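Structural overview
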Amino acid sequence: MLKQTLILASSSPRRKELLEELQIPFVISSSNVDESFDPSISPNEIVMELARRKVEAIYADEQYPFILGADTVVYLNGAILGKPASPEEAFRMLRELSGKTHSVYTGVAIMANGICSTFYEKTDVLFWELTDDEIHDYLDTGEPFDKAGAYGIQGVGRTLVKEIKGDYFTVVGLPISRTVRELKAKGFNMPK
């Protein structure tokens, strides 16, 4: 069986690690795409649209057979919590998440031989009640600043999480189990 290389349309270190752990051969080729969205559409539509933009931008440059893109958002009380622009914004986000359940949506787009398909997964995450000191201690780690919702479940941020319902890897940024199944269904040869 011919070995194939996947193009990962993302510079996310977490997505990179997940593919490396599965020994999937891939090359990173990320592009700057417009990540603005219509706030009136649902979070699942937003993440699938943003993931689609990422793979289509790469496909426009080079017509690779298999391209994978993903996008993750944190959703609470009808609003998207993106990556915080400042420590103050990160503090506000974490204060807002404290003691509440929020939803994490990850949209995935796969370009397979010129045809793009998308799907999403949703996981609900319950935070512990956080004190201001706990939030400041977490901010001091530097971890919150490049992550949607100002936390990373795979790092120190795991100490903020009381419970999850759904796929843990959706919160990390790539629902890897479903992604592998979708790639296989589209003819990608997974390593043995």
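Everything that follows concerns the structure shown earlier in this document.
Residue numbering note: each chain is counted from 1, following its sequence as written. Where totals are concerned, whole chains, interfaces and linings use all residues; where local detail is concerned, this predicted model gives features only for residues with pLDDT of at least 70, and gives and counts side-chain atom pairs only at 80 or more. Computation of side-chain values covers all heavy atoms of the structure but excludes hydrogens and water.

**Quick word on the pairing of strand β3 (residues 66-76)**
The element β3 is extensively covered by neighbouring structure, given that 10 of its 11 residues are classed as buried. Note that strand β1 (residues 6-8) and β3 share 2 bridges and pair parallel. Opposite isoleucine 7, over in β3, you have isoleucine 67 as the bridge partner. Here β3 runs beside strand β5 (residues 101-112); their pairing, made up of 10 bridges, is antiparallel. Along β5, the bridge assignment pairs valine 73 with tyrosine 105. If DSSP finds at least two bridges between two strands, the strands pair. Elements are defined by DSSP. Helices are runs of H or I of four residues or more, strands are runs of E of two residues or more, and each kind is numbered from the N terminus. Bridging between β3 and strand β4 (residues 79-81) involves 3 bridges; their strand directions are antiparallel. Of the residues in β4, the one forming a bridge with tyrosine 75 is isoleucine 80. The hairpin turn running from β3 into β4, its antiparallel successor, is 2 residues long, and asparagine 77 in that turn takes a positive phi close to 50°. Buried residues are those whose accessible area, probed at 1.4 Å on protein chains only, stays under 20% of the maximum for their type, while exposed residues exceed 50% and partly exposed ones sit between those limits.

**Notes on the nonpolar core**
In plain words, nonpolar cores are sets of buried Ala, Val, Leu, Ile, Met, Phe, Trp, Tyr and Cys residues tied together by side-chain atoms within 4.5 Å. In this structure, Leu6, Leu19, Leu94, Phe127 and Tyr151 are the most contacted members of the largest nonpolar core, which totals 42 residues. Here, residues are in contact when the closest pair of their heavy atoms is within 4.5 Å. Ignoring sequence-local partners within four residues, the contact set of leucine 6 consists of Leu19, Ile24, Pro25, Phe26, Val27, Phe66, Ile67, Leu68, Leu183 and Phe188. Counting 8 residues, the second-largest nonpolar core is a separate cluster that includes Ala51, Ile58, Ala109 and Met111.

**Here's the deal with the environment of glycine 107**
Its location among the elements puts glycine 107 in strand β5. A sequence separation of 66 residues divides glycine 107 from glycine 173, and the C-alpha atoms of the two residues are 8.8 Å apart. Ignoring any residue separated from it by four or fewer positions in sequence, one finds glycine 107 in contact with Val47, Met48, Ala51, Gly69, Ala70, Asp71, Phe119 and Tyr120.

**Overview of the packing of aromatic side chains**
Two aromatic rings, taken as a pair, are described by how far apart their centres are and by the angle between their planes. Aromatic contacts are taken between Phe, Tyr and Trp rings whose centres are within 6.5 Å, Trp giving its six-membered ring; a plane angle under 30 degrees counts as stacked, one over 60 as edge-to-face, and the others as tilted. The tally for this structure, following the rule as stated, stands at 5 aromatic pairs. With centroids separated by 6.1 Å and ring planes inclined at 35°, the aromatic side chains of tyrosine 105 and tyrosine 120 adopt a geometry described as tilted. Of the two residues, tyrosine 105 sits in strand β5 while tyrosine 120 sits in strand β6 (residues 115-127), which places them 15 residues apart along the sequence. Judged by its relative accessible area of 10%, tyrosine 105 is buried. Taking the relative accessible area as the measure of exposure, tyrosine 120 reaches 32% and is therefore partly exposed. An aromatic cluster is present here, built from Tyr75, Tyr105 and Tyr120 joined pairwise through their rings.

**What about the pattern of salt bridges?**
By convention in these notes, a salt bridge is any Lys or Arg side-chain nitrogen within 4 Å of a carboxyl oxygen on Asp or Glu. One pass over the structure, following the stated rule, counts 13 salt bridges. Two residues, lysine 147 and aspartate 146, come together in a salt bridge whose shortest N-O distance is 2.7 Å. Look at lysine 147 and you get buried, because its relative accessible area is 10%. The exposure class assigned to aspartate 146 is partly exposed, which follows from its relative accessible area of 36%. Residue lysine 186 is joined to glutamate 182 by a salt bridge in which the shortest nitrogen-to-oxygen separation is 3.5 Å. When its relative accessible area of 25% is taken as the criterion, lysine 186 is described as partly exposed. Through salt bridges that share partners, Glu49, Arg52, Arg53 and Glu56 make up one connected network.

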